[in-house]
Amino acid sequence: MNKKAEDFKAYLDEKDIKVFEIEEVNDEQETAVFRSHIMVSGQQLPTVVIFDKSIFTVIRVQVSPQALVEDNQVELLNLINEENFKYKPFKLYFNPSGNLFLDLCLTAENNEISGDTVYLMFNIIINYLNENYRDMMKAIWGANSEQEK
């Protein structure tokens, strides 16, 4: 496990936080993935924190699976583009399968990262999603419910 992951695990142990499962990838970057979820509007959103030997650490939240479909592309892409323009700490994007993700990237000088900083970023993500999740889901579900007809 890389140093940042070891430091974060020590932080979790110290704070008695037991909401993460840890997966060591065993690659050149000594990647470690801390898996959990966050609750937003009664939904459990899969969440990972990805630590490796690079200067970067990523917090990734799967906001919605199979969100982008033909019927909602224009509206949803415009909505997500507007959100990306407004918010600096993270970016929303779609993977090739149309799943909607939110990524927040932290930098770690001297390969050190503060557990408190990671948790502060979780609070920023949760607050943002609590304010915006329903609007995103309306754009997603509106088109998906039309497709089912």
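Please refer to the structure placed before this passage.
Below: a short report on this structure. (Residues numbered from 1 in each chain as written. Predicted model: local features only at pLDDT ≥ 70, side-chain atom pairs only at ≥ 80, totals over all residues. Heavy atoms only, no water.)

This part covers unusual backbone geometry. The residue Glu30 is not glycine, and still its phi comes out positive at about 55°. Considering the arrangement of structural elements, one finds Glu30 in the loop between β1 (21-24) and β2 (32-40). Glu30 gets classed as partly exposed once you look at its relative accessible area, which sits at 34%. (Helix = DSSP H or I, 4+ residues; strand = E, 2+ residues; numbered from the N terminus. Buried < 20%, exposed > 50% of the residue type's maximum accessible area, 1.4 Å probe, protein only.)

Alignment of β2 against strand β3 (residues 43-51), held across nine bridges, turns out to be antiparallel. Bridging across to β3, Val40 finds its partner in Gln43. Hairpin geometry of β2 and β3 is characterised by an intervening segment of two residues between the two adjacent antiparallel strands and by a positive phi of about 50° at Ser41. Of the pairings in the sheet, the one linking β3 to strand β4 (residues 56-64) comprises five bridges and is antiparallel in character. (Pairing = 2+ DSSP bridges.)

Our focus in this paragraph is the packing of aromatic side chains. Across all of its chains, the model carries 13 aromatic pairs by this definition. With a centroid separation of 6.2 Å and 55° between ring planes, the pair formed by Phe20 and Phe122 is classed as tilted. On the criterion of sequence distance, the pair formed by Phe20 in the loop between α1 (3-15) and β1 and Phe122 in helix α3 (residues 115-148) is long-range, its members being 102 residues apart. With relative accessibility at 14%, the residue Phe20 sits in the buried group. On the accessibility criterion, Phe122 (6% relative accessible area) is buried. Pairing Tyr87 with Tyr128 gives two aromatic rings, centres 4.6 Å apart and planes at 65°, and the pair type is edge-to-face. Here the residue Tyr87 occupies a position in the loop between α2 (73-86) and β5 (90-94), and Tyr128 occupies one in helix α3, the gap between them amounting to 41 residues. (Phe/Tyr/Trp six-rings, centres within 6.5 Å; stacked < 30°, edge-to-face > 60°.)

Before going further, it helps to examine the pattern of salt bridges. Counted according to the given criterion, the structure contains seven salt bridges. Residues Glu23 and Arg35 are paired through a salt bridge, measuring 2.7 Å at the closest nitrogen-oxygen approach. Pair noted here: Glu23 is in strand β1 and Arg35 is in strand β2, with a separation of twelve residues, a long-range link. Given the relative accessible area of 34%, Glu23 is considered partly exposed. (Salt bridge = Lys/Arg side-chain N within 4 Å of Asp/Glu carboxyl O.)

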